[in-house]
Amino acid sequence: MEKKVVILFPDIVDHIFDITLLTDLQGNISAIGKGHALLGDEMNPVHGRNVVEFVHPDDATVVQAALSVLGSRQQDSQKIEYRCCGADGNFIWLETIVSLFRETADDNWQLQFLSRDISDWKKGQTQLYHLSRLVEQTSDSIIRMDSDFKITYMNRAAEVLTGYLLRETQGKRPRLFSARPDDNPFHDAVFAEIIESKQLIMEFVNRKKTGEEYIVKASISPLYDEQGALEGFVEFLQDITERKRIEAALKESEERFEQCARQSRSVVWEVNAAGLYTSISSVAEEVFGYARKEIIGHMHFYDLHPDEGRESFKSEAFSIFHHQGAFHNYENRVQTKNGQIIWVETSGFPVINGDGSLHGYRGSDLDITERKRSEIDLRESEERYRALTMQSHDAVVLFDEETLKIVEANPRFEEMTGYLPSAVRTLRAFELFDDSKDSMLQLRDQLCAEEKLLPAIRKIRTQAGRPLRVERTGSLVKVNGRGYLLITLRDVTDEMERQREMKKDIVLAAQVQRALLPTVPCAEAFRIETLFSPKGFASGDVFHLEWKNAENILHGFLVDISGHGLAAALQTAAVNVLLHEVMDSPITMSVSEKLVWLNQRIPAYLDEGSFAAAIAFELDFTVGEIRYAAAGITEFLFNDTRILAPGLYLGIFENESYEMQRIGFTPGDIVCFMTDGITDVLKVDLGEEAVHAQNVCELFRPGGRYAGKMRDDAAAVCIAITDNCAKHDEV
């Protein structure tokens, strides 16, 4: 009868371990607890056998080494891993704690084996190893990123593709590889699309560490942990530079062929022995008006011929078919789908079957309509040109290239300048234009060299001596080998006067706009600095501030209307009225409710297609809290931290809702709300570099570091919480 193992806490041990044994110091089994059935049965008893007998030959040295060390009592215990043969003849992986053991001080020392089956874990480790090898050896580049798009891992293929080692990229974003760092493909919209679609495939241009540019196809997917929380992203990259080059070359070749065919208006076709179209190029739609699918398999070549003369044309063509002859430059007519008659020049050759019978014809139709009409056009062109010139609303004058005398002028020139027809032909160019003779000679030389004059505003003198502003353009024409300067003059005097008046209106609008800006509130609890910097004369930005001492709350709005100039100035004036109205409303509204109120009313004051970005905010000095809701103004600064503020523009959807956010503040904090005229510059020039809210106004004022870099209207409201904030709360 085999002896059972006596151990402490048997329930716990049996729960943790799969096999428990006792052996002498040489490894001979003296007792077995749990796991007897795993190692032997009645036919193959375990008691008295050595543990090494059950060990895989490749792992025997591991167990023997442990027996040697523990048998000589050099150590008290060891943890080892080895494969063990079970009663069914299959090997399982065991993790075993072997330790010295005796029940009493008088007993002999024994070895206690506590083993746990780790076969599944080993299998997982093996699979993980193979997967790791697969990832490292695959030709696809694999990059793993954390939830902030920062790189945590790159396989070898990614290192080869980018030219960067893993240690050079860890903690950095994939923007490092971009050939155009400012055009960051990993922005908020992309982030949201990856989360929503579970996979996003993009193509963009990267740059290797060496500076070489290449095109990649990227497949990006989110990674989630066991609880379903976003853990990061995995990106698979393929270098498609060569494929893109081949595609571009193929497309260019096809486009060149298509362009040549379209340029020449040449239709390539194939018909069978009965004359039925079996193939035709896409140019047919442009030349004949029929789509390919309307022709192929449905129309014969003679169906395109006008009714008049069709039978004669058909008979003549099939006579050539019968003799299997070729034909070249055969001129014939085609009636297009819209009924127009055009001329084509047809060439073709027979396609013969293996038995010598006619399979069909291949050839082309070249549109020669313009050539046929050229003689008529040539005869009519002079009359048309003269009629056009005579009826033009602009003055048209023809000067002799050598003498600069007027050869011919249309009635509009005589009307514009007051010169009688008899006096026109005596005028020279430098007598008409308010330029010196040398300047006019230089202008002539320039026109002869470049064959055209770009539009320019110049002064001419009327017959009465009155100066007149005109837009002058010109070209060089040749008639029978002699050069003439064809000059067109458009009176812009009234137009320039209107522009001057409009400029005055815009300047006045800008003055009114600045006058409508609110007086900056003053209180011991805060200090406010504002910036209002239009890109042009008038701005599409406006802000409003109001301190309600009884509430101990500073209320504010910052609005950015799309567009510039006079229209934007008028719209901001209307919005200013709305801001006062919502501030003075007897109904208490949260910042989000104020935006909803504005969103429902602002479309009436905006042009079609216009919209407005805004942020509503309030600083509650009683509880030390900033409450805000955004509608298109995407971020602001709180001290040196950029706070993202999501929300759809005003004027897009009537029933849009806006979410209120909160930030706590203490004395010394500074918050700066700003329009995209400022944030766009900060993103481009600073990137990840931090900027403090207290410096914004200084950076963008005239003479500031970024004053000349703004590409849009800029406005900012920066509020510093003073040390008197706490005192103010107590009061």
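Every chain is numbered independently, its residues counted from 1 as its sequence is written. With the structure being a predicted model, the display of local features is reserved for residues of pLDDT at least 70 and the display and counting of side-chain atom pairs for 80 or more, all residues being used for whole-chain, interface and lining totals. Just so you know, side-chain values use all the structure's heavy atoms and leave hydrogens and water out.

Trainee: Give me the lowdown on the overall build of the chain, citing residues and values where you can.
Mentor: A count of helices and strands for the chain gives 22 helices and 30 strands. Relative accessibility under 20% of the residue-type maximum defines a buried residue, over 50% an exposed one, and the middle range a partly exposed one, all with a 1.4 Å probe and only protein chains included. Looking at the chain as a whole, 42% of its 731 residues are labelled buried. Computed with the Shrake-Rupley method and a 1.4 Å probe, the accessible areas treat only the protein chains shown as cover for residues. In the structure as shown, the chain presents an accessible area of about 40300 Å², 51% of it carried by carbon and sulfur atoms. In this description a helix means any DSSP run of H or I spanning at least four residues, a strand means any run of E spanning at least two, and both kinds are numbered starting from the N terminus.

Trainee: Give me a nonpolar patch on the surface: which residues, what numbers.
Mentor: A cluster of nonpolar side chains, namely Leu508, Val512 and Leu516, defines an oily patch on the protein surface of about 250 Å² accessible area. Examined against the element boundaries, Leu508 turns out to sit in helix α17 (residues 493–515). For patches, a residue must show more than 30% relative accessible area and have no salt bridge; joins then use 9 Å for like charges and 5 Å for nonpolar side chains, namely Val, Leu, Ile, Met, Phe, Trp and Tyr. A pairing counts as a salt bridge when a side-chain nitrogen of Lys or Arg comes within 4 Å of a carboxyl oxygen of Asp or Glu.

Trainee: Mind laying out the packing of aromatic side chains, listing which residues take part and the relevant values?
Mentor: To pair, rings of Phe, Tyr and Trp, with the six-membered ring standing in for Trp, must have centres within 6.5 Å; the planes then decide the type, stacked if under 30 degrees apart, edge-to-face if over 60, and tilted in the middle. One pass over the structure, following the stated rule, counts 20 aromatic pairs. Arranged with centres 5.3 Å apart and planes meeting at 65°, the rings of Phe621 and Phe665 form a pair that is edge-to-face. A residue pair is termed long-range when its members are at least 10 positions apart, and Phe621 in the loop between β24 (612–620) and β25 (625–631) and Phe665 in the loop between β28 (661–664) and β29 (670–674) qualify at 44 residues. Exposure remark for Phe665: the relative accessible area of 6% places this residue in the buried category. Following the ring pairs from residue to residue traces out a cluster consisting of Phe301, Tyr302, Phe313, Phe318, Phe321, Phe327, Tyr330 and Tyr361.

Trainee: Account for the pairing of strand β1 (residues 19–23), with residues named and values stated.
Mentor: For β1, the tally of buried residues reaches 5 of 5 residues, placing the bulk of the element in the interior. Judged by which residues are buried, β1 turns out to be covered on both faces: Ile19, Leu21 and Thr23 on one side and Thr20 and Leu22 on the other are all buried. Strand pairing is assigned whenever DSSP identifies at least 2 bridges connecting the two strands. Strand direction decides the pairing type here: β1 and strand β2 (residues 29–32), joined by 3 bridges, are antiparallel. Each bridged residue has a counterpart across the sheet, and for Leu21 the counterpart in β2 is Ile32.

Trainee: I'd like a description of the sheet that holds strand β17 (residues 406–409), backed by residues and values.
Mentor: Reading across the sheet, the 5 strands line up as β17-β16-β20-β19-β18 and stay open at both edges, with antiparallel pairing between neighbours. The open sheet has two edge strands with one neighbour each: β17 and β18 (452–461). Averaged over all pairs of adjacent strands, the angle between their axes in this sheet comes to 30°, without regard to strand direction. Relative to strand β19 (residues 467–479), β18 is paired through 8 bridges, and the arrangement is antiparallel. By the bridge assignment for β19, Ile457 is matched with Glu471. Fitted lines through C-alpha atoms give the axes, limited to the stretch in contact for helices. The angle between two N-to-C directions lies from 0 to 180 degrees.

Trainee: Give me the lowdown on the side chain of Glu270, citing residues and values where you can.
Mentor: Structurally, Glu270 can be placed in strand β11 (residues 266–272). Within the structure, Glu270 has its side chain in polar contact with the side chain of Arg362 (distance 3.1 Å). Glu270 has contacts with Leu276, Tyr277, Thr278, Ser279, His359, Tyr361 and Arg362, leaving out every residue within four places of it along the chain. Each polar contact in these results corresponds to two N or O atoms within 3.5 Å; when the atoms are within protein, one needs to be able to donate a hydrogen and the other to accept it, and residues that are neighboring in sequence are counted only if both atoms are side-chain atoms. By definition in these notes, contact holds between two residues if any of their heavy atoms fall within 4.5 Å.

Trainee: Run through the sheet that holds strand β15 (residues 358–367), naming residues and quoting values.
Mentor: If you trace the 5 strands from one edge of the open sheet to the other, you get β12-β11-β15-β14-β13, paired in antiparallel fashion. Either end of the sheet is taken by a strand with one partner, and the two such strands are β12 (277–280) and β13 (327–335). Across this sheet, the average inter-strand angle for adjacent strands is 30°, counted without regard to direction. Relative to β15, β11 runs antiparallel, the two sharing 7 bridges. The residue bridging Ser266 from the neighbouring strand is Leu366, located in β15. On top of the sheet, helix α11 (residues 310–322) reaches β11, β13 and β15; it is set at about 150° to β13, its chief contact.

Trainee: An account of α11 is needed here, citing residue identities and associated values.
Mentor: Residue count minus one, scaled by 1.5 Å, sets the expected span of a helix. In this model, α11 (13 residues) spans 18 Å end to end at C-alpha, consistent with the 18 Å of a helix rising 1.5 Å per residue. Within α11, the full set of buried residues consists of Phe313, Ala317 and Phe321. All buried residues of α11 fall inside an arc of 80° around its axis, so they share one side. In α11, the exposed residues that point more than 90 degrees away from the buried face are Glu311, Ser312 and His322. Buried-residue contacts for α11 involve β11, β13 and β15. Just beyond α11, the residue with positive phi is Gln324, at close to 55°. Note that the arc is computed from the directions linking the helix axis to the C-beta atoms.

Trainee: Mind laying out the side chain of Asp620, listing which residues take part and the relevant values?
Mentor: Mapped onto the fold, Asp620 is located in strand β24. A relative accessible area of 8% places Asp620 in the buried class. Leave out the neighbours within four places in its chain, and Asp620 touches Asn552, Ile553, Glu625, Arg627 and Phe665.

Trainee: Before we move on, could you go through the nonpolar core and cite the residues and values that matter?
Mentor: We call a set of buried Ala, Val, Leu, Ile, Met, Phe, Trp, Tyr and Cys residues a nonpolar core when their side-chain atoms join them within 4.5 Å. Core analysis: the biggest nonpolar cluster contains 31 residues, and Leu619, Phe621, Ile626, Tyr628, Phe673 and Ile719 have the highest contact counts within it. The next biggest cluster of nonpolar side chains, apart from the first, holds 26 residues, and it includes Leu427, Met440, Leu443 and Leu453.

Trainee: Which residues make up unusual backbone geometry, and what values go with them?
Mentor: For Asn552, which is not glycine, the phi torsion reads 65° and is therefore positive. Looking at the element boundaries, Asn552 is found in the loop between β22 (541–548) and β23 (553–561). Take Asn552: its relative accessible area is 8%, and that puts it in the buried class. One non-glycine residue, Asn639, lies in the positive phi region at around 60°. Here Asn639 is to be found in the loop between β26 (635–638) and β27 (641–644).

Trainee: Please set out the state of the cysteines residue by residue, giving values where relevant.
Mentor: To count as a disulfide, a pair of cysteine sulfur atoms needs to be within 2.5 Å. On inspection of all chains with the given rule, the structure shows 1 disulfide. The thiol of Cys697 is unpaired, and the distance to the nearest cysteine sulfur, on Cys718, comes to 3.7 Å.

Trainee: Account for the pairing of β22, naming residues and giving values.
Mentor: Among the 8 residues in β22, 6 count as buried, and that is most of the element. Strand direction decides the pairing type here: β22 and β23, joined by 8 bridges, are antiparallel. Among the inter-strand pairings, Phe543 is bridged to a residue of β23, identified as Leu558. Connecting β22 to the next strand, β23, in antiparallel fashion are 4 residues, including Asn552 with a positive phi near 65°.

Trainee: I'd like a rundown of the pattern of salt bridges, residues and numbers included.
Mentor: The full count for this structure, using the stated rule, is 32 salt bridges. Glu345 serves as the salt-bridge partner of Arg371, at 3.1 Å between the closest nitrogen and oxygen. Placement of Arg371 in helix α12 (residues 369–391) and of Glu345 in strand β14 (residues 341–352) is noted, with a sequence separation of 26 residues between them. The class for Arg371 is partly exposed, based on a relative accessible area of 47%. Note that Glu625 and Arg627 form a salt bridge whose closest N and O atoms lie 2.8 Å from each other. Connected through salt bridges with shared partners, the residues Lys594, Glu618, Asp620, Glu625, Arg627 and Arg662 form a single ionic network.

Trainee: Describe the environment of Met710, listing the residues and the values that go with them.
Mentor: Looking at the element boundaries, Met710 is found in the loop between α21 (696–700) and β30 (714–721). With a relative accessible area of 8%, Met710 lands in the buried category. Setting aside chain neighbours within four positions, we find Met710 in contact with Ser533, Lys535, Gly677, Val681 and Phe700.

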